[in-house]
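Report on the structure
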Amino acid sequence: MSVHPMILSGRGVTAVLGPTNTGKTHYAIERMIAHDSGVIGLPLRLLAREVYTRLVERVGHHNVALITGEEKITPHRARYSVCTVEAMPRETTASFVAIDEVQLAGDLERGHIFTDRILHLRGRGETLLLGAATMRPILEHLLPGITVVERPRMSQLLYAGSKKITRLPHRSAIVAFSADEVYAIAELIRRQRGGAAVVLGALSPRTRNAQVALYQEGDVEYMVATDAIGMGLNLDVDHVAFAQDRKFDGYQFRNLNPAELAQVAGRAGRHLRDGTFGVTGRVDPFDNELVHRIESHEFDAVKVLQWRSKAFDYSSLTALKKSLDAAPKVPGLARALPAVDQQAFEHLARYPEVVDITTNAERVEKLWEACALPDYRRITPAQHADLISTIYADLVRRGTVNEDFMAEQVRRADHTDGEIDTLSARIAQIRTWTYVSNRPGWLADPTHWQEKTREIEDRLSDALHERLTKRFVDRRTSVLMKRLRENAMLEAEISVNGDVFVEGHHVGQLTGFRFTLATGGDGPDAKAVQGAAQKALALEFEARAARLHASGNNDLALSSDGLVRWLGDPVARLAASDHVMRPRVILLADDQLQANAREHVVARIERFVNHHIGTVLKPLDDISRAEDLEGLAKGLAFQLVENLGVLFRRDVADDVKSLDQDGRASIRKYGVRFGAYHIFLPALLKPAPAELITLLWALKNDGLDKPGYGDLIPMLAAGRTSVVTDPSFERTFYKLAGFRFLGKRAVRIDILERLADLIRPLLQWKPGAQPRPEGAYDGRRFTATTSMLSILGATPDDMEEILKGLGYRADSVKAEEAAAFLASQDGAPASAAAASEPVAAVDDADAADSATDAETAAVEAPAAEAENAEGEVATSEVQPAEAQVAETGEPVEAKPVLLWRPGTRQDNQRQGGGRHQGDQRRGGQRHGQGQGQSEGREGGRKGGQPVRGKRHDGGKSEGGPRQDRGDRHDRHDRGGKPGQGKFEARPPRREKPVDPDSPFAKLAALKEQMKK
């Protein structure tokens, strides 16, 4: 065997040393192409491929060879060779030789290979050693006379402290030292930041190239990698973050030393652009001393290089093992720990079947050659040794590897299904056979197997790259970000349901003039994607603005939540303004809707809102714009608008009394009804106007979130005439929906006016007049009737609450006394005066209003009237006690009869304080006076014994007992003869001119003509 002595001389050798980003590799390429031939060795196949590509671009592919353990591209008469250090020849005739990353000579696993090339390989004209400045002392010691050139870093490297992974800046590389950790970090970045490229030493070169390209081309902004990126890869990295600072070096777990940390951190920054480094995850922040050493590139010098003898003795297995264990004789070199090939050899040297066939030096050398098979599968030394044993046995017995065995192994690996771990295992398997196919003399048909294994490895690598990308990269985000950086006009498509596709990727939803991202992620990536989408949507916003501006009112709608919708999408919301009928429009649009387009949209929406309010609330809108109203009529109209169409009559009683007939007529023609209890617009008592009125009030009073908002409109739409009240609801909502809140029950306003129409003739009836209306009692009081319960949809108990709420008071009398009194009334002959008395002429505007509106209410009110809530049939006539018999046949005590009368001021005072001693007596006296007699006690005996009654008070009215009595009751009182108690002291009423438009005026005139 030939042994090449170590060249312990630096003559003709130049060491170009310095930190990362000093341009050392670029300098070596420039120097190599200045020679007619050259060889350059690089630490990684990935880096070798990169340098090969750059050389091909400079001198052509026919002049450059690529030689690695798994790949050979050797054009005929190629002048330059790019190799991994392991594949470099041990001697060459090339004019130029360069070895990169020579500091790896101190690595425990691969260091001896670099040391061997440093000490044995020289170029005829020039030899370059490239590496870290820490190599200067040991190189000057081993190679005296060497020329050392130190190159400064082109940019600064600064410490940026600790940051969360999700807060790392764009163009960051996150470094970890286990596949599980790398995958976990990449998954987190995909969810939070769009995606990351993955670079592991275990990946095939083709997969690593594809992942690096994914990052370099800007498809992703982050890379998660092992310290493999520190080996000279030219990456566009701005920040390096260490997620781990411990690694397994093949023998033990240990902390990275400062020089190793700097080698990786130095990937940040490129050319003249500064870079930063820091920590993330669970790594503690670097201390000040470590930061200073990395930033200033001050590290402990490499003291020894790993060495293994190349003077192999192949005479026997024992002799070879002894030569491998030889110690170096030169200071500065240390015997390397057993590498993978030596560990495999030591296992095989103990296999009997191997020992039996290894009988000469040639076979010992063949065994050692087989042991050089790399352990791509990362299996145990014993398993790896078993595979080598099989290959070695074939080489000895057959002369070549059994191709049937190899074909079976290749076939097993030739599947592209499965996930990342499965594909990685298959790639490791096929790389083993790719190496076998490239070993000279190992196969009968090496070319076939080289092509086949390369094709399978490429397909598996592509599939692995696709799986990695699918798992760790959000393609939508990556494509958009790349196009955004290129400042390209992105192509956007919008489906009919508002889905937004940019560059064919679904990015979010366009609703009206607002864009919402499909993902809920935060951070710079989400903002970048949103910016890209909105940039592409600028034209769509303008087109939508034009379509909305030209759209009809049917395309727009105002919903109960205050949102204005265009074709179903919200485009604006309403807010309160100074005028309740003119709410303010707030546009719901992104900033991309600008200038004239925004103004046109706002103007169109405002026109729609005003038109909608003016249409749905036309009576209210008309009266708000009325110019023919003057004085009190104008003031009353203003109050009506401010109260959204409903006024309690008690609140404006003085104004109504002071309003003359002309004023009443002027306001009545706008649809206003003067009812007994309310001044209101009947046309607004419908679901659509009520809903809009409720919305306008809620906008003005921050009521959209108050309890009960919108809950009463469905009841109105269902035709309910009264509803059970909910004490948790905002009480105003009842009024806005057209209901009067009366304690436990709320009654529709127009129904209450119909109730007034039923009560009025009962109080106008003159005792003795025949026939007596159902429910009439003594002309002063009345009883609840079936008709009243029917229109109210109420029970007798409900009726009691409702009448009390309206200000009526009840006198309670025994049923038999009431029955006797009514019998005397029905049996009394009508007086001549009563029989011949004509209908009184109507000269009171209130009565005319009430009567007129009572006639129209029957037409305009909802057709469906609620029935008695409990199915009870109430009767207005009082049954004698004898008729009320229980099912057992035994008489039961009849319930007292409630006689209702309008409340008085004294009633209110009694309700608030103690009762007068004479209340019961006055109640009975009033009962007698109600018969129309001139003397109180005597009149009570007409038609029978006097009826004693008790006044029945209870519950509070909504505004006092006189709130709804109105002037008509005074007129009813004056209809009797003089001397009727306190009513005769009332001064005579001033006659008011009769409204000529009133139908009652015409009726009165007709009756006058009939009398004549």
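Our subject is the structure that appears above.
1. Here we look at the overall build of the protein chain
Along the protein chain, the regular secondary structure elements total 38 helices and 35 strands. By residue count, 51% of the 1012 residues in the protein chain fall in the buried class. For the protein chain, the computed accessible surface area is about 46,300 Å², with 50% contributed by carbon and sulfur atoms.

2. A few points about helix α28 (residues 749-764)
Taking 1.5 Å as the rise per residue, α28 with 16 residues should run 22 Å; its terminal C-alpha atoms sit 23 Å apart, in good agreement. Burial analysis of α28 places 13 of its 16 residues in the buried class, which makes it a mostly covered element.

3. A short note on the environment of L121
Looking at the secondary structure, you find L121 in the loop between α3 (111-120) and β7 (126-131). Its relative accessible area of 1% is what places L121 among the buried residues. When the C-alpha atoms of L121 and R90 are compared, they prove to be 6.0 Å apart, with 31 residues separating the residues in sequence. With near-sequence residues (within four places) excluded, L121 lies in contact with M88, P89, R90, E91, T92, V97, D116 and T127.

4. Points about the packing of aromatic side chains
The geometry of an aromatic ring pair is captured by the separation of the ring centres together with the interplanar angle, meaning the angle of the planes. Scanning all chains against the criterion turns up 18 aromatic pairs. With a centroid separation of 6.1 Å and 45° between ring planes, the pair formed by F312 and Y314 is classed as tilted. An aromatic cluster is built from Y159, F242, F277 and F286, whose rings are joined through pairwise contacts. Against the face of Y215 rests R171, its NZ or CZ located 3.9 Å from the ring centre.

5. Concerning the environment of V410
Relative to the assigned elements, V410 resides in helix α14 (residues 403-413). As for V410 and Q429, which are separated by 19 residues in sequence, their C-alpha atoms are 8.0 Å apart.

6. Details of the sheet that holds strand β27 (residues 646-648)
If you trace the 3 strands from one edge of the open sheet to the other, you get β27-β29-β28, paired in antiparallel fashion. In this open sheet, the two edge strands, each paired with only one partner strand, are β27 and β28 (673-674). Sheet analysis places β28 next to strand β29 (residues 678-680), joined by 2 bridges and oriented antiparallel. Note on β29: the bridge partner recorded for F674 is I679. On the sheet, helix α22 (residues 631-642) packs against β27, β28 and β29 and is oriented at approximately 110° with respect to β27.

7. Structural notes on the nonpolar core
Within the largest apolar cluster, 75 residues are counted, with the highest numbers of intra-cluster contacts made by F513, V564, I605, L617 and I623. Among the elements that take part in this core, helix α25 (residues 687-701) stands out by supplying 8 residues, more than any other. Setting aside chain neighbours within four positions, we find I623 in contact with L629, A637, L640, V641, I667, Y670 and V672. In terms of nonpolar packing, the next biggest core, distinct from the first, is built from 63 residues, F312, L348, C371 and Y435 among them.

8. Some thoughts on the pairing of strand β33 (residues 808-813)
The two faces of a sheet get side chains in turn, since along a regular strand they alternate between them. With 6 of 6 residues buried, β33 is to be regarded as a mostly interior element. Covered by surrounding structure in β33 are Y808, A810 and S812 together with R809, D811 and V813, the residues of both alternating faces. Relative to strand β34 (residues 897-902), β33 is paired through 6 bridges, and the arrangement is antiparallel. Within β34, the position partnered with V813 by the bridge is V897.

9. Considering the pattern of salt bridges
Overall, the coordinates contain 49 salt bridges when judged by the stated rule. Notably, a salt bridge pairs R673 with D757, separated by 3.9 Å at the nearest N-O pair. Highlighted residues: R673 in strand β28 and D757 in helix α28, separated in sequence by 84 residues. For R673, a relative accessible area of 3% corresponds to the buried category. The buried category is assigned to D757, whose relative accessible area is 15%. Each member of the salt-bridge network shares a partner with another, and the members are R45, R49, E71, R454 and E457.

How each quantity is defined
The residue numbering used here restarts from 1 in each chain and proceeds along that chain's sequence as written. In keeping with the model being predicted, local features are shown solely for residues with a pLDDT of at least 70 and side-chain atom pairs are shown and tallied solely at 80 or more, while totals for entire chains, interfaces and linings include all residues. Derived side-chain values reflect all non-hydrogen atoms in the structure, with water molecules and hydrogen atoms excluded from consideration. Here a helix means four or more residues in a row that DSSP labels H or I, a strand means two or more in a row labelled E, and each is numbered from the N terminus. Accessible area is worked out with a 1.4 Å probe on protein chains only. A residue is then buried under 20% of its type maximum, exposed over 50%, and partly exposed in between. Here the open area of atoms and residues is found with the Shrake-Rupley method and a 1.4 Å probe, where only the protein chains shown may cover a residue. Multiplying 1.5 Å by the helix residue count minus one yields the expected span of that helix. Contacts are assigned to residue pairs that have any heavy atoms within 4.5 Å of one another. Here a pair means two rings of Phe, Tyr or Trp (six-membered ring of Trp) with centres within 6.5 Å. Their orientation is stacked below 30 degrees between planes, edge-to-face above 60, and tilted elsewhere. Here, over-ring charges are defined by two tests on the NZ atom of lysine or the CZ atom of arginine: distance to the ring centre within 6 Å, and angle to the ring normal within 35 degrees. The criterion for strand pairing is that DSSP finds at least two bridges linking the strands in question. Working convention: axes come from line fits to C-alpha atoms, limited for helices to the stretch in contact. Angles between N-to-C directions cover 0 to 180 degrees. Take the buried residues of types Ala, Val, Leu, Ile, Met, Phe, Trp, Tyr and Cys, join any two whose side-chain atoms come within 4.5 Å, and each joined set is a nonpolar core. Put simply, a salt bridge is a Lys or Arg side-chain nitrogen that is within 4 Å of an Asp or Glu carboxyl oxygen.

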